[in-house]
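# Geometric and topological summary
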Amino acid sequence: AGDMKGFLAGVTAERSKEASSDPDFKKLFPLLKAMQPTGVKITGGAVDGNNATLLATGKDDNNISNGTITMVKEGGAWKVEKESWKSRSE
């Protein structure tokens, strides 16, 4: 969604609680958002019960970023637990 409310709705309850309780997170959110890759496309992945790992690519400035996104099913919906991105030159 690109906003704080959308971010908190899309992450695990634990991650949402951590972000909501950190007074600096709201100030840092625009910077974190700017650092995220754009044009993200899911390229693969696997599901194991209530856990999933997605492989993705996106653009980070003039570089291609490869990402691994760990998802957890909570309350019937998939939520982001963590993300890891690595950039490489085009």
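A brief structural summary. Quick caveat: nothing in here was measured; it's all calculated off a predicted structure.

Calculation notes
- Along each chain, residue indices are assigned from 1 in the same order as the chain's sequence is written.
- With pLDDT at 70 or above as the cut-off, local features in this predicted model cover only qualifying residues; side-chain atom pairs require 80 or more to be listed or tallied, and sums for whole chains, interfaces and linings still use all residues.
- Values shown for side chains rest on all heavy atoms present in the structure; no hydrogens or waters enter the calculation.
- Patch membership is restricted to residues that have no salt bridge and whose relative accessible area is over 30%. Joining uses 9 Å for like charges and 5 Å for the nonpolar side chains Val, Leu, Ile, Met, Phe, Trp and Tyr.
- Per-residue and other accessible areas follow the Shrake-Rupley method at a 1.4 Å probe size, with only the shown protein chains counted as cover for residues.
- We define a salt bridge as a contact between a side-chain nitrogen of Lys or Arg and a carboxyl oxygen of Asp or Glu at a distance within 4 Å.
- Helix numbering and strand numbering both begin at the N terminus, where a helix is a DSSP run of H or I of at least 4 residues and a strand a DSSP run of E of at least 2.
- Working definition: with a 1.4 Å probe on protein chains only, accessible area under 20% of the residue-type maximum means buried, over 50% means exposed, and in between means partly exposed.
- We call a set of buried Ala, Val, Leu, Ile, Met, Phe, Trp, Tyr and Cys residues a nonpolar core when their side-chain atoms join them within 4.5 Å.
- The contact definition used throughout considers only heavy atoms, calling two residues in contact when any of these lie within 4.5 Å.
- Pairing of N or O atoms within 3.5 Å defines a polar contact, subject to two protein rules: one partner must be a possible hydrogen donor and the other a possible acceptor, and residues neighboring in sequence count only if both atoms are side-chain atoms.

We now examine a nonpolar patch on the surface. Together, Leu 28, Leu 31, Leu 32 and Met 35 make up a nonpolar patch on the protein surface, roughly 380 Å² of accessible area in all. By the secondary structure assignment, Leu 32 is in helix α3 (residues 25-35). Accessibility expressed as a relative area gives 38% for Leu 32, which makes it partly exposed.

Moving on: the nonpolar core. By size, the foremost hydrophobic cluster in this structure holds 6 residues: Val 11, Ala 52, Ala 56, Ile 69, Met 71 and Val 80. Only β2 (51-60) and β3 (63-74) provide two or more residues apiece to this core. Sequence-distant contacts of Met 71, defined by excluding residues within four places in its chain, comprise Asn 50, Asn 51, Ala 52, Leu 54, Trp 78, Lys 79, Val 80 and Glu 81.

Bringing the side chain of Ser 65 into the picture now. By secondary structure assignment, the location of Ser 65 is in strand β3. Within the local environment of Ser 65, its side chain forms a polar contact with the side chain of Ser 87, the two groups lying 3.1 Å apart.

As a further point, take the pattern of salt bridges. Applying the stated criterion to the full structure yields 1 salt bridge. For Lys 27, the salt bridge identified is with Asp 24, shortest N-O distance 3.4 Å.

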